[in-house]
Amino acid sequence: MDLADGAGEEEFRARLREWLGTVLPTLPPRPDPLDWPGRRAYDCGWQRRLYDAGYADVHWDAPPTQRLIFLEETERAGAPYVGANFVGLLHAGPTVAAEGTAEQRERWLPPVLRGDEVWCQGFSEPDAGSDLASLRTRAVRDGDDYVVSGSKIWTSHAEVADWCELLVRTESSGPKHRGITWLAMPMDTPGITVRPLRTLAGSTEFAEMFLDDVRVPVANRVGRENDGWRVTMVTLSFERGTAFVGEVVACRRVLAELAGAARKNGTWDDPVVRRRLGRLSAEFRALWRLTQWNVSEAQAVGGVPGIGGSVFKLRYSHARQELYDAAAEVLGPDALDLGREWNLDRLSSLSYTIAAGTSQIQRNIVAERILGLPKGR
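Criteria and thresholds
Position numbers for residues count from 1 along each chain, tracking the sequence in the order it is written. Local features in this predicted model are restricted to residues whose pLDDT is 70 or higher, and side-chain atom pairs enter the listing and the counts only when it is 80 or higher, whereas totals over whole chains, interfaces and linings include all residues. To get the side-chain values, take all heavy atoms of the structure and skip hydrogens and water. Secondary structure elements are defined from DSSP: runs of H or I of at least 4 residues count as helices, runs of E of at least 2 residues count as strands, and each element is numbered from the N terminus. Exposure classes here rest on a 1.4 Å probe applied to the protein chains alone. A residue is buried below 20% of its type maximum, exposed above 50%, and partly exposed in between. Any two residues having at least one pair of non-hydrogen atoms within 4.5 Å are treated as being in contact. Take the number of residues in a helix, subtract one, and multiply by 1.5 Å to get its expected span. By nonpolar core is meant a set of buried Ala, Val, Leu, Ile, Met, Phe, Trp, Tyr and Cys residues that side-chain atoms within 4.5 Å join together. When the sulfur atoms of two cysteines come within 2.5 Å, that pair is taken as a disulfide. Centres within 6.5 Å are what make two rings of Phe, Tyr or Trp a pair, Trp counting through its six-membered ring; a difference in plane orientation under 30 degrees is then read as stacked, over 60 as edge-to-face, and the rest as tilted. In this scheme, Lys NZ or Arg CZ marks a charge over a ring once it lies within 6 Å of the ring centre and within 35 degrees of the ring normal. The term polar contact refers here to a pair of N or O atoms within 3.5 Å; inside protein, the definition further demands a hydrogen-donor-capable atom paired with an acceptor-capable atom, and it admits residues adjacent in sequence only when both atoms are side-chain atoms.

Asks: If you had to explain the overall build of the chain to someone new, which residues and values would you point to?
Replies: What the chain contains, in helices and strands, is eleven helices and eight strands. Out of the 377 residues belonging to the chain, those deemed buried represent 51%. Long-range contacts, defined as pairs at least 24 residues apart, comprise 74% of the intrachain contacts of the chain with a sequence gap of at least 6.

Below, the structure is given as structure tokens:
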């Protein structure tokens, strides 16, 4: 697919750039990074502005070229990112669009696009580790409801969410991958307890979640009962294949700023530093090309990214960590000051080789599904 700007793309870019130049100066001050209710209100307010301007569904329905232009221009202009809307816009929403019924799409997608409702992700469990299919949270059918009991961990944005994309076990007698079901759970349902988890950077975008006989309507099931692993692979394809693409643009911006800082403080005179920054520049250029390929491939096959997303996730996670390690080298002793630019990002980058599937899991996927190597025993 040709991703070069044509007349239509140039017009889209110019119109978007003009709109950003008009609306960004009118935004309120960004909230404290530790104030998640405030961040939810800010992020949803931005999403509503995108919706009113006709840009809300760019992550779902726009052609690949327009989607990439949107990411380039919003990052270049310093516009807010999806923030608390991350799960709804980039994980759950695309999954419902691909796998949900017409009624489910009508119920859940418009509020996500308007910024009215926030989703969290209830996948990981304390005893499952990287083996997501080993989850134990149980759901027992009782009439028109599932009664759910168990616990989740690293539940993204749980303390400010309205809905949770929840994986539960509905069958335990067969292979573990075949007894999982994907549910949409309202977060105001009785029996849910959320305990925020404080990260190394001091924020609480994750939480533990405890479920005690929580009743979730069967109508909230996406896909068939016990077919949740297949639906989950759709979710993870979006999470690994396209959800991080805007961050590649952000990393390229940070790298340019880092080179500028190195020139100012003299570390640019060190050939090792220059070589490191040059290699990172090549790395992120290659990742952006891979992003273009993944987005265009997803468009060609109906919107769901392929297993190439694991290649991207694997390399991007490490490149991001290397970028912020280089930032620490350029900052020198100032790298210990959390008030300095890039230092909190460096702490958060440590999670990227774990979040959305560990690097070990991504290597297995690449080895088995792309290279055709045999599975380990």
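Read on for the rest.
Asks: I'd like a rundown of helix 2 (residues 36-53), residues and numbers included.
Replies: Between the first and last C-alpha of helix 2 there are 25 Å, a value that for 18 residues agrees with the 26 Å anticipated at 1.5 Å per step. When helix 2 is considered as a whole, its buried residues turn out to be Trp-36, Gly-38, Arg-40, Tyr-42, Asp-43, Cys-44, Trp-46, Gln-47 and Leu-50. A positive phi of about 90° marks Gly-54, the residue just after helix 2.

Asks: I'd love a proper account of the nonpolar core, names of residues and values included.
Replies: Among the nonpolar cores identified, the biggest contains 44 residues, and Trp-19, Trp-46, Leu-258, Leu-277, Phe-284 and Leu-323 are the most heavily contacted of them. Mapped by element, the contributors of at least two residues to this core are helix 1 (7-23), helix 2, helix 3 (64-76), helix 7 (245-265), helix 8 (271-300) and helix 9 (308-331). Among the elements that line this core, the one with the most residues is helix 9, at ten residues. In contact with Trp-46, other than residues within four places in its own chain, are Trp-19, Leu-20, Val-23, Leu-24, Leu-27, Ala-79, Pro-80 and Tyr-81. Ala-56, Val-87, Ala-92 and Leu-236 belong to the second largest nonpolar core, which has 27 residues in total.

Asks: Tell me what's going on with the state of the cysteines, and back it up with residues and numbers.
Replies: Counted under the stated rule, the structure contains zero disulfides. Summary of cysteine pairing: Cys-164 is not part of a disulfide, and the nearest cysteine sulfur, belonging to Cys-120, is at 3.7 Å.

Asks: Summarise the packing of aromatic side chains; cite the residues concerned and give the values.
Replies: All chains considered together, the criterion is met by eight aromatic pairs. Centroid distance Trp-108 to Trp-119: 5.9 Å. Interplanar angle 90°. Geometry classified as edge-to-face. Of the two residues, Trp-108 sits in helix 5 (residues 102-114) while Trp-119 sits in strand 1 (residues 119-122), which places them eleven residues apart along the sequence. Look at Trp-108 and you get buried, because its relative accessible area is 3%. Feature note: the residues Phe-12, Trp-19, Trp-46, Tyr-55 and Phe-70 constitute an aromatic cluster, connected by ring pairs. In this structure, Arg-39 is placed above the aromatic ring of Trp-36, and the distance from its NZ or CZ to the ring centre is 3.9 Å.

Asks: Kindly report on the environment of Val-216, identifying the contributing residues and their values.
Replies: Assignment of secondary structure puts Val-216 in strand 7 (residues 206-217). Linking Val-216 and Val-147, residues 69 residues apart in sequence, is a C-alpha distance of 6.5 Å. Ignoring anything within four residues of it in the chain, the contact list for Val-216 reads Asp-144, Asp-145, Tyr-146, Val-148, Leu-183, Ala-184 and Met-185.

Asks: Any chance you could break down unusual backbone geometry for me, citing the residues and the numbers?
Replies: Trans peptide bonds make up most of the peptide bonds, and negative phi angles are found at most residues other than glycine. Here the phi dihedral of His-157 falls at roughly 65°; this positive angle occurs in a residue that is not glycine. Relative to the helices and strands, His-157 resides in the loop between strand 3 (145-152) and strand 4 (163-169). The phi dihedral of Asn-226 falls on the positive side, at around 70°, and the residue is not glycine. Looking at where Asn-226 falls in the secondary structure, it is placed in the loop between strand 8 (221-222) and helix 6 (228-241).

Asks: Mind laying out the environment of Ser-156, listing which residues take part and the relevant values?
Replies: Tracing the backbone shows Ser-156 in the loop between strand 3 and strand 4. Residue Ser-156 is classed as buried on the basis of its relative accessible area of 15%. For the pair Ser-156 and Glu-208, spaced 52 residues apart in sequence, the C-alpha separation works out to 9.3 Å. The residues contacting Ser-156, other than those within four sequence positions of it, are Val-87, Trp-119, Cys-120, Gln-121, Glu-205 and Phe-206.

Asks: Lay out the side chain of Lys-152 with the relevant residues and their values.
Replies: By the element assignment, Lys-152 lies in strand 3. Of note is the side chain of Lys-152, whose polar atom sits 3.2 Å from the backbone oxygen of Phe-123. In this structure the side chain of Lys-152 is engaged in a polar contact, spanning 2.7 Å, whose partner is the backbone oxygen of Leu-167.

Asks: Account for helix 3, with residues named and values stated.
Replies: An ideal rise of 1.5 Å per residue puts 18 Å on 13 residues; helix 3 measures up with 18 Å between its terminal C-alpha atoms. For helix 3, the tally of buried residues reaches eleven of 13 residues, placing the bulk of the element in the interior. Here helix 3 has its buried residues at Pro-64, Thr-65, Arg-67, Leu-68, Ile-69, Phe-70, Leu-71, Glu-72, Glu-73, Thr-74 and Glu-75. Phi turns positive one or two residues past the end of helix 3, at Gly-78, with a value near 75°.

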